Every structure is written in structure tokens, then in C-alpha cells.
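Each chain is listed here by its residues.
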Amino acid sequence: MTEKKHEGVSRRDFVKGAATGVCAGTFATMGLYSYSSSAKKRLAKITRSMKDFGVLKNVKITNISETSWFNNADLIGDIHEAGGLLVNQYSLNWPPFGNGKGSAQGSYESGIASIKDLIPKDLDKAWGLQEKLSLHPENAGGYACLIEVEELNGKTHKYLLDTGWSYTWTDAAFKREGIDKMLENHEIEALFISHEHWDHFWGFPVTMKYDPTIPVFIQDGFYPEGLQYIKDSGHTGPLTSYKKAVNPFIPGMAVLKFDVPIINRVFGEISLAFNVKDKGLVLVSGCCHQGILKFADLARTELKYENDRFYGIYGGLHISPFEDWDPKYDDLVISLGKWGFEKIGCNHCTGHLTAKKFVEAGYPVIRGTARFRSSSPDYLGNGDKISFGA
Amino acid sequence: MPPEAFRLKSTAELDSVHRQLMHLQRTLRFLVLHANAKALQPTSDENRCAFATQLSRWLTLPPEACFYFSHPKKQDTVNHDIHTKLCHVSPSELSDGSGSGLPRLLINIITRACYDKGLKKLAGWRGMAPTPGDPESWTFKLKGHRGIFGVGCEGKRGDNEKQTARFLICHFPDTEDEELVELMSLHAATTANRPDYLEKVRDFACREEMREPFLMGHLNFSLGQDASHLLLCLESPLKKRVVALDGVRLPQGTEEDYLVPPGECEEDFPAFSLASVLFNAICAAVTYTLKTPPCFYRHAELPGQVVAYNAQGEITTQETDEWPLIRQTVGYGDLSSVLKASGPNLAGDTIWQEGETLPDTLPPVIWQAVTPDTALASLSTPLLDKRPQLIVLTGFLGSGKTTFINNFVEYHTSRNNFVAVVQNEIGETGLDGKLLEGNCNVVEIDEGCVCCTLAGQLSTGITELLGQFTPESIILETTGLANTFNLLDEIDELKELVRFDSVTTIVDCANALTTLETFDVARDQVRAADIVILNKTDLTGPEQTGAVEAKVRRLNAKTLILGTTHGNISPGLLYDDAVGCNDAAGPDASNPAPTHGHHVCHGEEGIGTLKIPLDHPLERKAFLTAIKELPPDILRVKGIVRFTDAEAVEVCQYVGGRIDLSRHTGPYDKEGFLIVIGRDIHNQPLPGVLYDAYHSTGRPVDGPHRPLFHRCACGHH
């Protein structure tokens, strides 16, 4: 490039001056960037379809368990030893699919063979067997929550989102919150599996133990092993696999599906959206592998909700699978702040220090009680509850 | 001519070497393609590594540029089943055939491929952000480029044969990268200098003013309805050129006062070379996902356009052969489908297709290492430095090391990275057991202080740790009272096990002035640091923070200084392998700005360390001469030197071609040493006294008498 210094004003200085307003507007009229034909092209304009999916009175969430595992070093260590983040989760040799052959030598078939006759009835024995065959069985916890919804007409519904991992841990957590009885009484109308990961799904027989007829909702990214596990666990009720991105469920409640590749050969996640009367939209996620930005973006684009406002959020607020490109940009903290949630209940994969940062940033984080092995009061911990709406 | 002659040193040189380079690249790519097509005997990992290094040097490109072609495959079992391979990434909409699932497919391919950290590193993916408000646009950061790349879907369609999506590719240069910014239009350059620039980059897809001025080209992505082929096509002008026929005048200037003289280019941007960086990274992810290299490649040059405008704002466009529009097509799948879908070849196109053989005249070196039956993983293995990164963390008692570690661990945990912490004073620093529990592994080293007693214990501890775990990073937390220089002395012994990254020193701003005044150890911790974090700045006013910074700067002119509170600082700002690395090869990397930017990166392939023991005092002049002659691939030198003209030992810090010597205040009764850090370290010529010192080590004649001997030699005796 030729030197562009003229009378002491270099192009560089000029540009900086123009940028800070010193020479503003000097070439704005020249249409300097509208000369090429492609300038006429527009990116697809995003129009908000704002689907009316109804409205409901309130949503109450009980955290059955957010402690998916207790030692991250063991968990990530096992994954790394097996070959990394793309290794099929069923081959990791984690319970309940251990086969005694060690890291990366597991398979669904060899694992289930040892416990097939025991699930879902004798979970203690099944898990006990697996403790001898699998890697780090003591590390397994699980993620599950109870969602109680009240419609405008006063009708109430109970749903489960996810069903934990360790049979013993999940069963104990179910009993602690009375989930076992609710299931036995068929009070819980549906089980949603957010995604196929071990900590959200592998405790599936625990729900089956109490109610094998419960309708189960998954998405079409499930792998054959997962589908087989549902069968092998004795499920006899209806199974629905979502294919579309937006799926209204009951008035004011929709299931959102995200086609996203997740670590250890899992694909797709479903999250829930609730339109709470006079308040706004409430988002509930398992892990939110799609990223909070994507979750909120889809909801905003697709759904119509009260006051056009985001009201609350609950669950694991996962960072997107990639890191941001600007290390100064604390993406989770900043992007969560942008949406202006009025009630935040976070836990699970959010990260303790991230939760702390939310608190420090003045976000309305509903703090927990740090009981039942939940370790930080910044998390909405095991046994804690959060409610949205009247 | 040696291939190095074509190495690009700066964007300003683009003009002169660009076309030559293009030709070379094309030729070499062509060779690689041919090489790939030929079934070859397996060779050693070492050969493969040499191959990739050499190739990337010859191409003056990072390895990823040729990576998608160098992926080995079995000739007899080529798997064209694109459909099966895409099952881990296919969104549901893909099946409707309308093209609406392609943007999601593209991002899923990249996302999933990057779960393989080897691929991520090789392909150079460094960071990604979805664009708020537009689900089909993203911004990316790629290794070796300070700017941000934007990709946004412009349109999708489907017909009987295939579904296609067209994406625009933008490049948003780093504002500080002035040479690049100057090549852009005035409008783009102005935008890049505005304070809200990065914010606008984030949602560039929703802002018209952020697209056209930064547009580098287009990517067409198509998939056969029967999944028989997948095509990626990059269209980008070799140069994006706009001529101001009547010039651009300064607003308040005189008649002759031109910002752009009449007839000169207002914009003259090397669009293709930047767009192809992204294209190559995308192709690498596609190759990885499909587990098979492309079967077709075509490089076509179409007439380009030069846009010109006059003072009246009338715009004319002229076709030019000099600055063509480049169209690169890479095809995967069934060759006949690919050939059909990719359109006719034209005279002058460079074409390769699967099955074509390599001419006999070519030197064997280029393809020797490409083996027919190695998995992708094993190809990447020798290219990647799999040693965990070692960060030495120092800081005076109570400075906030534990909080820093907690932050560091959570940052990595949320990114599925595994951190191990080695502490030598468990319990003593009041490490918050609750918070650290379960997030990392603490290995206790016997006898308390790692840094004082070392004697093999550090490597024992690290060996033990690596026997049980496979961390990506190890933080070695030293006792608050340890002298880091004693530790640095030992780092060299750990080089087989770990990749030494840097010394980070945490300084408690509230107490620093006193501490640094009183304790030799505190001063030495600062002297040894590559990064100094001024912690607890909330407890001090800006005045005191400034004073501490000045004090630190006096002690260590070369360190990167960053302020924070509660140890809360993104590791991405500090360390390599994270997003902020500004980066890769090139002189900039070793020359960080004093108080911002990034310390020297050591994560790139081939960076190693070397220890030069200095068992006798050196002559200052000879030493400085030798330092001046260090080759550019030596990035840093640090250590303790004894000079013939001074009593006290001196601390040596050499970064980015500059040397800094300061008196070592603490007690130091051991021999001096230098740790040399650089690329391809064992093949670097060490100049003068450094060479002598390195090569004299171990010779019996250079035993304990040497210091005396040398004193004699320089006339003091």
C-alpha cells in the first residue's frame, strides 16, 4: 500500500479521528460501501413468529437432585482416559453399563446384560452388581427435578424433568422429596428426558420402578442404546420423540428442541418454556448444552409470552460448547444479564463461581440451602424449591 | 530457492509476494493431493510430524491449511457413506431437503469436530459465538489471526438433486492490527476504530454496516439429496479493490489535500487469503466428520472486479484478470456425483480428483509421511504437544493464590478441561478444601517446600500425578515463601513430562509496597514472573494500584501486568490454549505490550526449553553480544547470571528481542543458569558465549576450577 500521509494527516489518524467523531460524517454521503452488487443482498431478516402457546398461572420447581457427580476429576479423568470428548458414553464403563473390562471397553449390551433381569424391580442389587463392574460407581449422582404447573383454570399438573444417574442416589432423592409416592399414585403425568447423558437419563429404571406406565418424552437425537434402555427398563407407557423445534404441550407450556452435538456421543437437548400470567416467560433446562443464548433466542423468536419479558430461569446453565472469542467477555454472565431475568435458580453445570458472579453482578439469584451434598448456597441445591408466578 | 523465502512477515508484504505465493501454494497443494491419492507404505510418527511441519512451512501456512488433504485413508475401503457419517451432527430439518438444515449442519460439524482437541488445535478453531438475534450466523476466532471471522447464511434452497446454502464470510480485523485496517475501506477502518466495534461484530449479521465493508467472500455448502456428495465452495476475490478516481479529500483540507490521491485505491484488501483461512478450517472439520478426505479439488480463477467511483459518486465496475475472483471447490463423497454437482471444469483450472497418480518427477519428501491406514488420531498425535501445560503460580502469603486457582479450575471445568494442582504446602495456605474438592487433584509433595528442597521430588510428584490422571493443565502452586528462581532451575528436568508455560505471580495490592520493600523473596517472585496479577485492587485506590504497578514494573520490565479483584481473571487472558492468544507464529507473539495483551505462547507445536548451566561468570559484553544474536525462534530467556564485573548475581529476562538485567537481591549461592525457550529449540544456533556455556557442560576439564580459571582469563587475577 502506498504511503498515505498528506499534510501531516495520515489516513490512520484521519480514520481514528473520524471514529471518535472529530471528522464525523465527512464521507457518509459518498455511499462508500454501497458500490458492489452484493451490497444489495440482505441476510435473511429474522422475523419473530411469536407463536401463542397459551398462558398458565404458575410453575413450581423442586430440585430433586442437581449433583450429577461428586468428583469432577474422576469424571473428566475417566473421559480423558477413554479417549476424550467424542467417546461413546456407553463405552466408558461407567455404571450401570460396566462390564469389568475397564476404561473404554464397555458397551451397552455387555453392561445391561449383567442387570437386565434386575431392573427396574431390584435396583439396589443391580447397582450393587455394577459397583463391582464399573469405574467410579461412587461418583454417580444424578439430575432430576419436579415441575408443578397450575393452569389458569386451577388445574394442576406434575412433571419430571430427567431421572438421575445412580440408582441408589436417585432412589433416595426420590424418596426424600416424595417422588416415589407421586409416581406410584400416577400423579406425575410425564417424564421429559432433556438429553441422553448419563446423569440425566441412566437413572431411568428408578422412575420405572414406581411407574412404568408414565408417558416419556425424548427427542429424535437419541441413539439406539438409549432407546433400548427405555425398553429394557420395563417402560410400558407411551414414548414420544420430538422432531420439531417448538412443541406446545399444555396451554402455557412448550417443549423446545435443540439439535446440538453434545460431548460423548449425545445429540440433541430439550428444554421447557412456560408462559406465566402477568409475569413473562420461564425457561427450564437440564444442562442447556445449546447455550443460554440459543435457548433464549429461540424462545424469543418463536414464542409469544406475557409482557414480552423473560421472567425466570431454572437449571444447569451451560456455557456454549465453544468458548467465546474474547476472553474479556464473560459470556455466561453477560448473556444472562442481557435477558433481564427476574428470578434465577441455577445449579448443576452452571459452576459455583459463575453463580457467585451472578450474585455479585446483582442478578436476582434465588439462593439455596446447600443441603444433601449440594455444596454452595449460590446454587438452588438439592431439596430446594423455586416458584414462578402467583 | 529455499521455501522460506516466501514466508509472509506482515500484511504489508502481501502485495509483493502474494501472487508468487499463490502459485506456490497451488502447486504444493496439487502435489499433496496427488501424494494423498497414492497408496503408500506406513512410516513412523516422526516422519509424519516432519512431513506436516515441512509442509506447513513450505506453504507458509499453519498445518491446518493443508490438513484436510493430508488426512490418510485406505484406498480400498473409501467410505462414501456421507449420510451415516453425518448422523452425529444432522439436525432434523435436514431431512426436508429444503436446505433449511444446512446452517445448523455446518455449525454442528464444527462444534463436534472441536470436541476433539487435536482437531481443534490443528484446524485452528479458537472461539465461537452465536450471533444474537440470528440463529444462522456466528463469529469465530482462528489461530494466528487477531481479527474475528463472521459467517452468516444468506439463503438456502433445495431442488431434486441437492440442497444448498450460501454463506457470507466477513473478516473483522483487530483494531490494533493497523496494517490490515489500513487496507480496508475508509468506512470499514473508521468502524473498526469505534469503541463499540466489538459489540457490533458480535451481532454483525443484524447490522448492514457491518457486512459489506468487511465482506471477504462467500461459501456455498451443498449436500446431495441422496447424500452422495457434499461440496464446499469458496468464492473470494484475490483482492478487494476500490479505486477513488477523483481521490478522497480531507474534509477541512485544501484542494490538494488528499486522504486518497486521485486514482489510488481506497480499499485494497487481500480478501482471498483471509477467507481461505476460514475455509480451510471448515474443510478440516468436514474431513474429520466424514472421516474421509475430499475426492475432488478445483481451483478456478474467474475475472475479478475493480470498483471505481468518482467525486460525483458514480460507480463503475471493470472486469480484471489481474485480480481474479478465486473459486475453490472441495468435494466429498462419490466422485461421479461430485463431478456432476461441481459443474464443468474450465481451461486453466487446477484440478485434482481421487485416483489420479503422482508424477514421478516429484520429490518424495512431501508425501513420505502420508500413510494409507493411519487413523486421524494417529496423524494428529505427533503434531500435537500432548504434554500438559505447566503453570507455576507464586505469590506472597495471602496474596490470593487459592482464589486464583479456584477460578482457573472452574474456567477449565466448564470447558471440559482437566486441571491438576500440585501444592507443596497443603493446609498451610488455607486452601478452601470445600471448593476445590472434586474439581481437581491435589498432589502432596513431601517435605514441605517444593522450591527449596526439590531434589527430584517435583518430578516425582508430577510423574505420580501423570500416572494417575491425564490433566491438560497443571498448576504448581509454590509456597508463598519460595524463591521461584530455585524452581526455574529445575523446570528443565521436567520437560519430558510437562510443557512449561509460564510463571504467574499474584501480588496483593493492598500489602505489596511493604512486602516488596521488606522481602527479597517477594521481589524475586515478581522478577521471575511472566505474568503479574495485581490482586485486591478493590482494597486500594487507583493511586496505590498505580504505585504498585510502577514498583512491579521497576522490578520486571518485561512482565505482563493485569489488575483484578478476588483473583477473578479469565485464564483466557493469560494463557495459551485459551481464546485470547494473539498468537501463533510471528514476531508479534513474542513482543507483548507492556500492560496488556498476552504473554509469549508456548503451546504451539515444537516449542521447547533448554537449560544452559552457567558455572562460571560471564563477560558482560560477550553475553550481551550473544543475546543480540539469538535467532528469532528463541522467544524467551530467563535465569540467573553471574558476571565478571559484578559481585551480585543478576536476573536475566529476555523477551521479544529485548534484554533486561537486574540485580538479584536475595541470597543466591548456586551456579547461574539460563532457561531458553523457543521453537525447535534443539536446532537453534546458540551464539557466542551461550554456545560455549552450553557445550562446555559436563566436560571434566570444566569442573569446579572453572570460575577461577575464567577470572584469570579476564585479567582480574
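Remember, predicted model here, so these are calculated numbers, not experimental data.

Rules behind the numbers
- Residues numbered from 1 in each chain as written.
- Chains lettered and ligands numbered in written order.
- Predicted model: local features only at pLDDT ≥ 70, side-chain atom pairs only at ≥ 80, totals over all residues.
- Heavy atoms only, no water.
- Helix = DSSP H or I, 4+ residues; strand = E, 2+ residues; numbered from the N terminus.
- Buried < 20%, exposed > 50% of the residue type's maximum accessible area, 1.4 Å probe, protein only.
- Contact = heavy atoms within 4.5 Å.
- Areas by Shrake-Rupley, 256 points an atom, 1.4 Å probe, with all protein chains shown as cover.
- Phe/Tyr/Trp six-rings, centres within 6.5 Å; stacked < 30°, edge-to-face > 60°.
- Lys NZ or Arg CZ within 6 Å of the ring centre and 35° of its normal.
- Salt bridge = Lys/Arg side-chain N within 4 Å of Asp/Glu carboxyl O.
- Polar contact = N/O pair within 3.5 Å; in protein donor to acceptor, adjacent residues only side chain to side chain.
- pLDDT = per-residue confidence, 0-100.
- Expected span 1.5 Å × (residues − 1).
- Arc of directions from axis to C-beta.
- Axes fitted to C-alpha atoms, helices over the stretch in contact; angles between N-to-C directions.
- Parallel < 35°, antiparallel > 145°, perpendicular 65-115°, else oblique.
- Nonpolar A, V, L, I, M, F, W, Y, C, P; charged D, E, K, R; others polar.
- Pairing = 2+ DSSP bridges.

**Describing the overall build of chain B**
Okay, so step 1: Looking only at helices and strands, one finds 24 helices and 25 strands in chain B.
Okay, so step 2: Expressed as a percentage of the 717 residues in chain B, the buried residues total 60%.
Okay, so step 3: The long-range share in chain B, meaning contacts at least 24 apart out of those at least 6 apart in sequence, stands at 74%.
Okay, so step 4: Here chain B has roughly 27000 Å² of accessible surface; of this, 52% comes from carbon and sulfur atoms.

**Observations concerning the overall build of chain A**
Okay, so step 1: A count of helical and extended segments in chain A gives 12 helices and 17 strands.
Okay, so step 2: Taking as baseline every contact in chain A between residues at least 6 positions apart, the subset at least 24 positions apart corresponds to 68%.
Okay, so step 3: Here chain A has roughly 13800 Å² of accessible surface; of this, 52% comes from carbon and sulfur atoms.

**Some points on the packing of aromatic side chains**
Okay, so step 1: Following the criterion strictly, the structure yields 35 aromatic pairs over all chains and no others.
Okay, so step 2: Ring centres of Trp94(A) and Trp165(A) lie 5.5 Å apart, and the angle between their planes is 50 degrees; this geometry places the pair in the tilted category. With Trp94(A) in the loop between helix H2 (72–82) and helix H3 (108–113) and Trp165(A) in the loop between strand E6 (156–161) and helix H5 (167–177), the pair connects residues that are 71 residues apart, well separated along the chain.
Okay, so step 3: Each ring, one from Phe623(B) and one from Phe643(B), has its centre 5.3 Å from the other, and the planes form 70 degrees; the classification is edge-to-face. Taken together, the residues span a long stretch of sequence, with Phe623(B) in helix H22 (residues 620–628) and Phe643(B) in the loop between strand E22 (634–641) and strand E23 (650–655) at a distance of 20 residues. Taken as a pair, Phe623(B) and Phe643(B) share a single burial class, namely buried.
Okay, so step 4: One aromatic cluster is present, formed by Trp69(A), Tyr90(A), Trp94(A), Phe97(A), Tyr108(A), Trp165(A), Trp198(A), Phe201(A), Trp202(A), Phe204(A), Phe222(A) and Tyr229(A) through successive ring pairs.
Okay, so step 5: Between the NZ or CZ atom of Lys343(A) and the centre of the ring of Phe388(A), over which it lies, the distance is 5.9 Å.
Okay, so step 6: Just above the ring of Tyr329(A) sits the side chain of Arg202(B); from NZ or CZ to the centre is 3.2 Å.

**What about the environment of Gly398(B)?**
Okay, so step 1: Within the secondary structure, Gly398(B) sits in the loop between strand E14 (389–395) and helix H13 (401–413).
Okay, so step 2: Linking Gly398(B) and Ile506(B), residues 108 residues apart in sequence, is a C-alpha distance of 9.5 Å.

**Things to note about the interface of chain A and chain B**
Okay, so step 1: Chain A puts 73 residues into the contact, and the matching count from chain B is 102 residues.
Okay, so step 2: Counting across the chain A and chain B interface gives 1 salt bridge.
Okay, so step 3: For Asp324(A), the salt bridge goes to Arg202(B), with nearest N and O atoms at 2.7 Å.
Okay, so step 4: Summed over the shared surface of chain A and chain B, the result is 14 residue pairs in polar contact (both at pLDDT 80 or more).
Okay, so step 5: When contributions to the side of chain A that touches chain B are tallied by element, the ones reaching two or more residues are strand E2 (9–10), helix H1 (11–19), H2, strand E11 (253–262), helix H10 (292–302) and helix H12 (352–360) of chain A.

**A look at the confidence of the model for chain B**
Residue and element names in this part refer to chain B.
Okay, so step 1: Here chain B shows a mean pLDDT of 71. Residues at 70 or above account for 69%.
Okay, so step 2: In the predicted structure, residues 21–79 sits below a pLDDT of 50 and forms 151 contacts with residues beyond four places in sequence or in another chain.
Okay, so step 3: Here residues 358–383 scores under 50 on pLDDT; set against residues more than four positions off or in separate chains, the count is 64 contacts.

**Details of the pattern of salt bridges**
Residue and element names in this part refer to chain B.
Okay, so step 1: If you walk through the whole model with that rule in mind, you get 33 salt bridges over all chains.
Okay, so step 2: In this structure, Glu-517 and Lys-551 form a salt bridge, with 3.3 Å as the shortest nitrogen-oxygen distance. Remark: Lys-551 occurs in helix H20 (residues 542–555) and Glu-517 occurs in helix H18 (residues 512–518); sequence separation between them is 34 residues.
Okay, so step 3: Residue classification places Lys-551 among the buried positions, given a relative accessible area of 15%.
Okay, so step 4: Bridged by salt links that share partners, the residues Asp-196, Lys-200, Asp-203, Arg-207 and Glu-209 form one connected network.

**Quick notes on H20(B)**
Residues and elements named next belong to chain B.
Okay, so step 1: Given a rise of 1.5 Å per residue, 14 residues ought to cover 20 Å, and the 20 Å separating the end C-alpha atoms of H20 matches this to within 8%.
Okay, so step 2: For H20, the complete set of buried residues consists of Thr-545, Val-548, Lys-551, Val-552 and Leu-555. Viewed along the axis of H20, the buried residues span an arc of 125 degrees, placing them on a single side of the element. Facing away from the buried side of H20 by over 90 degrees, the exposed positions are Pro-542, Glu-543 and Arg-554.
Okay, so step 3: On the buried face of H20, the contacting elements are strand E18 (499–508), H18, helix H19 (520–527), strand E19 (531–535), strand E20 (560–563) and strand E24 (658–663).

**Some points on the confidence of the model for chain A**
Residues and elements named next belong to chain A.
Okay, so step 1: Per-residue confidence for chain A averages 88 on the pLDDT scale, and 90% of its residues sit at or above 70.
Okay, so step 2: Between residues 1–8, whose pLDDT stays under 50, and residues either more than four places distant or in other chains, the model counts 23 contacts.
Okay, so step 3: In this model residues 23–44 is a low-confidence stretch, pLDDT under 50, and it forms 50 contacts with partners more than four residues away in sequence or in other chains.

**Concerning the packing of H12(A) against H13(B)**
Okay, so step 1: Packing of H12(A) against H13(B) brings their axes to within 8 Å, and their N-to-C directions diverge by 110 degrees. Between H12(A) and H13(B), the angle is such that the two are roughly perpendicular. Here H12(A) contributes His352(A), Leu353(A), Thr354(A) and Lys357(A) to the contact with H13(B), which in turn contributes Asn406(B), Asn407(B) and Glu410(B).
Okay, so step 2: When grouped by side-chain class, the residues that make up the contact of H12(A) with H13(B) number 1 nonpolar, 4 polar and 2 charged.

**Regarding the side chain of Gln163(B)**
Residue and element names in this part refer to chain B.
Okay, so step 1: Its place among the elements puts Gln-163 in strand E4 (residues 162–172).
Okay, so step 2: For Gln-163, a relative accessible area of 3% puts it in the buried group.
Okay, so step 3: A distance of 3.0 Å separates a polar atom in the side chain of Gln-163 from the backbone oxygen of Leu-94.
Okay, so step 4: The residues touching Gln-163, leaving out its near neighbours within four places in the chain, are Leu-94, Gly-97, Ser-98, Gly-99, Ser-100, Leu-102, Arg-157, Gly-158, Phe-221, Ser-222, Leu-223 and Gln-225.

**Let's talk about the environment of Ser91(A)**
Residue and element names in this part refer to chain A.
Okay, so step 1: With respect to the helices and strands, Ser-91 occurs in the loop between H2 and H3.
Okay, so step 2: On the basis of relative accessibility, which here comes to 13%, the residue Ser-91 falls in the buried class.
Okay, so step 3: Ser-91 sits 18 residues away from Glu-109 along the chain, and the two C-alpha atoms are 9.9 Å apart.
Okay, so step 4: Discounting chain neighbours no more than four positions away, the residues touching Ser-91 are Ala-104, Gln-105, Gly-106 and Ser-107.
Okay, so step 5: Of the polar contacts made by the side chain of Ser-91, one reaches the backbone oxygen of Asn-88; its length is 2.8 Å.

**Some details on the pairing of E6(A)**
All names here are of chain A.
Okay, so step 1: Of all 6 residues in E6, 5 are buried; the element is thus mostly enclosed.
Okay, so step 2: As paired elements, strand E5 (residues 144–151) and E6 share 6 bridges and run antiparallel to each other. Bridging from a neighbouring strand, Glu-148 pairs with Lys-158 of E6.
Okay, so step 3: If you look at the hairpin formed by E5 and E6, you'll find 4 residues sitting between the two strands, and Gly-154 has a positive phi there, around 90 degrees.

**Observations regarding H22(B)**
Residues and elements named next belong to chain B.
Okay, so step 1: When we look at burial in H22, the residues that qualify are Phe-623, Ala-626 and Ile-627. Along the axis of H22, the buried positions cluster into a sector of 100 degrees, meaning they face one direction only. Facing away from the buried side of H22 by more than 90 degrees, the exposed set consists of Lys-621 and Lys-628.

**Details of the pairing of strand E3 (residues 148–158) of chain B**
Residues and elements named next belong to chain B.
Okay, so step 1: Of the pairings in the sheet, the one linking strand E2 (residues 134–142) to E3 comprises 4 bridges and is antiparallel in character. Paired with Thr-139 across the bridge in E3 is Gly-150.
Okay, so step 2: Counted between consecutive antiparallel strands, the loop separating E2 from E3 contains 5 residues, among which Gly-144 sits at a positive phi close to 85 degrees.
Okay, so step 3: Bridging between E3 and E4 involves 10 bridges; their strand directions are antiparallel. Considered in E4, the bridge of Gly-155 is made with Arg-166.
Okay, so step 4: Linkage of E3 to E4, two consecutive antiparallel strands, is achieved through a turn of 3 residues.

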